[in-house]
Amino acid sequence: MRKINLKLAASVMICGAFLFSSCVGSFGLHNRLATWNQGISSKFVNELVYLACNIIPVYPVCYLADALVINSIEFWSGSNPMASIGDVKKVKGENGNYLVETLENGYSITKEGEDMSMELIYNKDLNTWNIVADGVSTELLQMNNDGTAQMYLPNGEAMNVTLDAQGVAAARQATMIDTYYAFR
């Protein structure tokens, strides 16, 4: 009996380590299933499919697969295996709408109604984000191993910022070089 309790305690601890390791992730598989279900035209059919997917444990199996496997892969590798490569989302910006396409290593951004586009590309080997426009690649920032990032400013200088709210505020302030307000 003591061996069974010890095995049970060890199993609970191992499961707890996986489930409560702060590896939240994006739950891509579960979200895809939910999005598909919500896309069904009739709310009554939607509810019936939802109930059926819970009775035949489709939702619980997808959630468990996300929690134990897919989110762990996303946490340790830095990439989501369920990422929708090729998906295009419409994003409303200050100057109009933009189409953002998910690439294998970044994003392609096109202003709606225009042919010109730019790409934000992540270089895994160098741990950098680059912008590619008109065939020219420019390094935007490099992620450091100490919780900071080396950001390259429009004037050519480099700035080290922390990856928190203060670092984002400092980066915004440094890049808004053409926005000055004078008071008399």
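Here's a quick rundown of the structure. (Residues numbered from 1 in each chain as written. Predicted model: local features only at pLDDT ≥ 70, side-chain atom pairs only at ≥ 80, totals over all residues. Heavy atoms only, no water.)

1. A few points about the packing of helix α3 (residues 43-55) against helix α4 (residues 58-77)
Moving on, step 1. Running from N to C, α3 and α4 point in directions that differ by 65°, and their axes come no closer than 5 Å. It follows from the interaxial angle that α3 and α4 lie roughly perpendicular. For the pair α3 and α4, the contacting residues are Tyr-50, Cys-53 and Asn-54 in the first and Val-58, Tyr-59 and Pro-60 in the second.
Moving on, step 2. Residue classes in the contact of α3 with α4 are distributed as five nonpolar, one polar and no charged. (Axes fitted to C-alpha atoms, helices over the stretch in contact; angles between N-to-C directions. Helix = DSSP H or I, 4+ residues; strand = E, 2+ residues; numbered from the N terminus. Parallel < 35°, antiparallel > 145°, perpendicular 65-115°, else oblique. Contact = heavy atoms within 4.5 Å. Nonpolar A, V, L, I, M, F, W, Y, C, P; charged D, E, K, R; others polar.)

2. Quick notes on the sheet that holds strand β8 (residues 158-162)
Moving on, step 1. The strand order across the open sheet built from eight strands is β1-β2-β3-β4-β5-β6-β7-β8, with neighbouring strands paired in antiparallel fashion. The sheet is open, and its two borders are formed by β1 (88-93) and β8, each paired with just one other strand. Strand-to-strand twist across the sheet, computed as the mean angle between neighbouring axes with direction ignored, equals 25°.
Moving on, step 2. Of the pairings in the sheet, the one linking strand β3 (residues 106-111) to strand β4 (residues 117-123) comprises five bridges and is antiparallel in character. Bridge pairing in β4 places Gly-106 opposite Ile-121.
Moving on, step 3. Strands β7 (148-152) and β8 of the sheet are contacted by helix α5 (residues 165-175), whose axis makes an angle of about 155° with β8. (Pairing = 2+ DSSP bridges.)

3. Notes on the nonpolar core
Moving on, step 1. Listed in full, the six residues of the largest apolar core are Leu-33, Ala-34, Val-49, Cys-53, Tyr-59 and Cys-62.
Moving on, step 2. Contributions of two or more residues to this core are made by α2 (28-38), α3 and α4. (Core = buried A, V, L, I, M, F, W, Y, C linked by side-chain atoms within 4.5 Å. Buried < 20%, exposed > 50% of the residue type's maximum accessible area, 1.4 Å probe, protein only.)

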